[in-house]
Every structure is written in structure tokens, then in C-alpha cells.
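Residue-level listing of the chains:
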Amino acid sequence: ERAAWQRERSVLQSALKQAESELAKATAETENKPVAETSSPKLQRLYRKYLRAESFRKALVYQKKYLLLLLGGFQDCEQATLSLIARMGIYPSPADLQLSASRSRPFTRFRCAVRAVMAVSR
């Protein structure tokens, strides 16, 4: 008789937990709250990890935009300096032109990106 009572108690407790979770989901849907706030600690931990990862992703996007803006500024300064030198009447030697022509634009962009990563890591 006692074993039957224990089984019935465990079945009723599990039914109560299930009903409470369904109630929490229903109230979260009606109040437009994330379900993770009202559910188990494991889901809360996963939701916090998700929020942290999302925060890191947004920070990386911001850093990327900032570095691109910074590199664009350096490129503008370099072109302004070259145009000033050209106006002064000093032109690069043919050997310098061949050296710069041999390096492709993707290689130069890659080198700029590597230098930016090194600067950020330092």
C-alpha cells in the first residue's frame, strides 16, 4: 500500500511540474517575455550564454567597422601625400613602379588586415 502511495505521489508531482511549466510558457507568451526567464536553471544558463555570445558578436562587428574606418582614413592620407609629392614634381622611379605593380591589390589588403590584427592583439 505504501509503494502504491509513493508511485501515485511521484506521478502527481511530475504532472504538477509539467502543468507549472506549461503555465509558465503560457504566461511568458502572453507577456511577451523570453521563456528562458521563467523556465529551468539549465535553460537560463543557456540563455545567458546566448546573450554573452551575442554581445561578443556585436562587439566584433563594432570593432570591424572601426578598423575599416581607420584603415580607410590611412588610405586617404596616403593618397593625399602621394598627390602632394606629385605636385612637388618628384615622381617615383620606374623600379618603384614595377615593384608596386607586381604586388596585387588583394595582397596589399591582406597585409593591411594582418597589421591591423597584430595592432589589436598588442
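Refer to the structure above for everything that follows.
A short tour of the structure in this document, coming up. Think of each chain on its own: its residues are numbered from 1, step by step along the sequence as written. Local features in a predicted model are, by the rule used here, given only for residues with pLDDT of at least 70; side-chain atom pairs are given and counted only at 80 or more, and totals for whole chains, interfaces and linings are based on all residues. The side-chain figures draw on all heavy atoms in the structure; neither hydrogens nor water molecules are used.

1. Let's talk about the packing of aromatic side chains
- Pairing of aromatic rings covers Phe, Tyr and the six-membered ring of Trp, with a centre-to-centre limit of 6.5 Å; geometry is then stacked below 30 degrees between planes, edge-to-face above 60, and tilted otherwise. In total, this model carries one aromatic pair according to the counting rule given.
- Seen from their ring centres, Y47 and Y50 are 6.2 Å apart, and the 35 degrees between their planes marks the pair as tilted. Taken together, the residues Y47 and Y50, both in helix α2 (residues 41–87) and three residues apart, mark about one turn of the helix.
- Throughout this description, buried means an accessible area under 20% of the type-specific maximum (1.4 Å probe, protein chains only), exposed means over 50%, and partly exposed covers the range between. The exposure class of Y47 is partly exposed, given its relative accessible area of 28%. Each helix is a run of DSSP H or I of at least 4 residues and each strand a run of E of at least 2, with the numbering of both proceeding from the N terminus.

2. Things to note about the environment of S21
- With respect to the secondary-structure elements, S21 resides in helix α1 (residues 2–31).
- Polar contacts here mean pairs of N or O atoms no more than 3.5 Å apart (in protein, one a potential hydrogen donor and the other a potential acceptor; neighbouring residues in sequence count only if both atoms are side-chain atoms). Engagement of the side chain of S21 in a polar contact is seen with the backbone oxygen of Q18, the distance being 2.8 Å.

3. Description of a positive patch on the surface
- Within the patch definition used here, like charges are joined within 9 Å and nonpolar side chains (Val, Leu, Ile, Met, Phe, Trp, Tyr) within 5 Å, considering only residues with over 30% relative accessible area and no salt bridge. In these tables, accessible area is a Shrake-Rupley quantity obtained with a 1.4 Å probe, and a residue counts as shielded only by the protein chains included in the view. Throughout this description, the term salt bridge denotes a Lys or Arg side-chain nitrogen within 4 Å of a carboxyl oxygen of Asp or Glu. We count Lys and Arg on the positive side and Asp and Glu on the negative side, and we leave His and both chain ends out. Every charge is mapped onto a representative atom, which is NZ of Lys, CZ of Arg, CG of Asp or CD of Glu. Where like charges cluster on the molecular surface, the positive patch consists of K42, R45, R48, K49 and R52.
- Residue position: K42 is located in helix α2.

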